[in-house]
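# Summary of the model geometry
Each chain, letter by letter, is given below.
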Amino acid sequence: MTDITALAEALDAATREGRAVGRLTDKEPFDVATAYRIQRAGIALREARGEQRIGVKMGFTSRAKMIQMGVDDVIWGLLTDAMHIESTLDLTGLIHPRIEPEIAFLIGEESYKVAVGFEVLDSRYEDFKFTLPDVIADNASAAGFGFGTWHDPRDLANIGLVMEIDGRVVQTGSSAAILGDPIRSLRAAERLAREAGMPLTPGAIVLAGAATAAVPLPANAHVRVLGAGLGSVEVTTK
Ligand code: OOG
C-alpha cells in the first residue's frame, strides 16, 4: 500500500531543501486519487508550520501547457499564504523555477474580481519531468504567485497577455487559451473544491492556469505581465 505520509514528507523535504528528487511513480505507481491524497498531506505539513490555505491553482488548462509538459488532463493544487509574492522573489532555495502569465480570480460574497497574475512553478522532480500522478502529488509544481489590481468581472474570452523579462517580450497569448475562457477554469475550481469538501469562500484566490508555456525564471531579473484592460503585475528576482 502507498505510504501517503512518507511520500508527502519526501516532497516536502525536497521543497524545503531546494533539492530535486526522482519521480515517485518510478518506485511505485499510484493513481490520481492517491496523488491528491499525497498533495493534501503535503499541505497539512505546511499548515502544521503555520501556513494558511488561501486558494487554489488550476493546471494544464491550456494546450500550450499540456504540450509543453506532455500531459493531457486538467489538475489542481492548493495555494498557501506563504506562496504569495509581494514584489520580490529570492530564488535561493528554488530548484529550477519557471514563470507563466495567468488570469487570477478573487472570490467575493456575491461575485468575484479578476486580475492579471503570474505563477512561479518549481517542480520538485529532476529535469522538471513527471507523470500526471507525480505532478498532482507535487501540488501541481506550485511555488509562488502574484496578482495585479483587482477589477470587476468582464468578458474574459479574449484578453491579450504579454510577459516581459527585463523589457523583452518572452511570451504572448490570449486568455482564450485557458479552456476557451478562464471563467470555465474558475467554475471548475469551485466544483473541484466543493467536491473535495473545501469550498472556496470569500477571499479565496483562484489561479485559472497559464495562457502560454512557462519560461525559466532567472535571478536578478525584472518580470512584468500585462493583461489588456487589467493593468500589469511585476516581480523582481534576486
Ligand atoms: C505543472 C503546473 C501547470 C498550468 O498553469 O498549466 C500549471 C507544471 O507545468 O509544472 O500550473
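Small disclaimer: the values here were computed from a predicted structure and weren't measured.

Looking now at the overall build of the protein. Check the secondary structure of the protein and you find 6 helices and 12 strands. In terms of C-alpha radius of gyration, the protein reaches 17 Å, essentially the compact-globule figure of 18 Å for 238 residues. Each of the three principal axes of the protein carries a C-alpha extent, and together these read 50 × 40 × 35 Å. Expressed as a percentage of the 238 residues in the protein, the buried residues total 45%. Contacts in the protein between residues far apart in sequence, at least 24 positions, make up 74% of those at least 6 positions apart.

Ala104, Val116, Ala189, Val206, Ala208 and Val225 are the most contacted members of the largest nonpolar core, which has 68 residues in total. Ranked by residues supplied to this core, first place goes to strand S5 (residues 112–121) with 6 residues. Beyond its immediate chain neighbours, meaning those up to four positions away, alanine 104 contacts Ala115, Gly117, Phe147, Ile205, Val206 and Leu207.

Next up on the list: the site of the ligand. Looking at the ligand, there are 15 residues lining it, with Gly59, Lys65, Ser141, Gly209 and Ala210 nearest. At the level of secondary structure, the elements contributing two or more residues to the shell around the ligand comprise strand S1 (53–59), helix H4 (63–69), S5 and strand S9 (205–210). Broken down by class, the residue content of the shell around the ligand amounts to 6 nonpolar, 5 polar and 4 charged.

Although it is not a glycine, asparagine 139 sits at a positive phi angle of roughly 50°. On the basis of neighbour count, asparagine 139 is assigned to the buried category, with 29 C-beta atoms found within 10 Å. In the Ramachandran plot, asparagine 220 falls in the positive-phi region, its phi being about 55° despite a non-glycine side chain. For asparagine 220, a count of 9 C-beta atoms within 10 Å puts it in the exposed group.

Looking now at the pairing of S1. Burial analysis of S1 places 5 of its 7 residues in the buried class, the great majority of the element. The pairing of S1 with strand S2 (residues 75–80) spans 6 bridges and is antiparallel. Its bridge partner being in S2, glycine 55 is matched across the sheet by leucine 79. Sheet topology note: the S1/S9 ladder contains 3 bridges and is parallel. When the sheet's bridge partners are listed, valine 56 is paired in S9 with valine 206.

Another aspect to go through is the sheet that holds strand S12 (residues 231–237). For sheets, the rule is that strands pair by backbone hydrogen bonds, running either parallel or antiparallel. Strand order across the open sheet formed by 5 strands is S3-S12-S11-S7-S8, with mixed pairing between neighbours. Each end of this open sheet is capped by a strand with a single partner; those strands are strand S3 (88–89) and strand S8 (168–174). In terms of strand pairing, strand S7 (residues 160–165) meets strand S11 (residues 222–227) through 5 bridges, oriented antiparallel. By the bridge assignment for S11, isoleucine 165 is matched with valine 223.

As for its placement among the helices and strands, tryptophan 76 is situated in strand S2. Taking the C-alpha atoms as reference points, tryptophan 76 and glycine 59, separated by 17 residues in sequence, lie 5.6 Å from one another. Not counting chain neighbours up to four residues away, the residues in contact with tryptophan 76 comprise Val56, Lys57, Met58, Gly59, Ala140, Ala189 and Leu192.

Relative to the helices and strands, serine 123 is located in the loop between S5 and helix H5 (132–137). In the structure, serine 123 is positioned 101 residues away from glycine 22 in sequence and 11 Å away in space, judged by C-alpha atoms. If we skip the residues at most four places from it in the chain, serine 123 touches Phe128, Phe130, Asp138 and Ser141.

Once that is clear, we can look at helix H6 (residues 182–195). The first and last C-alpha atoms of H6 sit 20 Å apart over 14 residues, in line with the 20 Å expected at 1.5 Å per residue. Taken together, the buried positions of H6 are Pro182, Ile183, Ser185, Leu186, Ala189 and Ala193. Relative to the axis of H6, the buried residues are bounded by an arc of 155° and lie together on one face. Away from the buried face of H6 by more than 90 degrees, exposed residues Arg191, Arg194 and Glu195 are located. Where H6 is buried, its residues touch S1, S2, strand S4 (98–107), S5 and S9.

Criteria and thresholds
- Residues numbered from 1 in each chain as written.
- Predicted model: local features only at pLDDT ≥ 70, side-chain atom pairs only at ≥ 80, totals over all residues.
- Helix = DSSP H or I, 4+ residues; strand = E, 2+ residues; numbered from the N terminus.
- Rg over C-alpha atoms; globule rule 2.2 N^0.38 Å.
- Buried ≥ 20, exposed ≤ 12 C-beta atoms within 10 Å, placed from the backbone.
- Contact = placed C-beta atoms within 7 Å.
- Core = buried A, V, L, I, M, F, W, Y, C linked by C-beta atoms within 7 Å.
- Near = placed C-beta within 6 Å.
- Nonpolar A, V, L, I, M, F, W, Y, C, P; charged D, E, K, R; others polar.
- Pairing = 2+ DSSP bridges.
- Expected span 1.5 Å × (residues − 1).
- Arc of directions from axis to C-beta.

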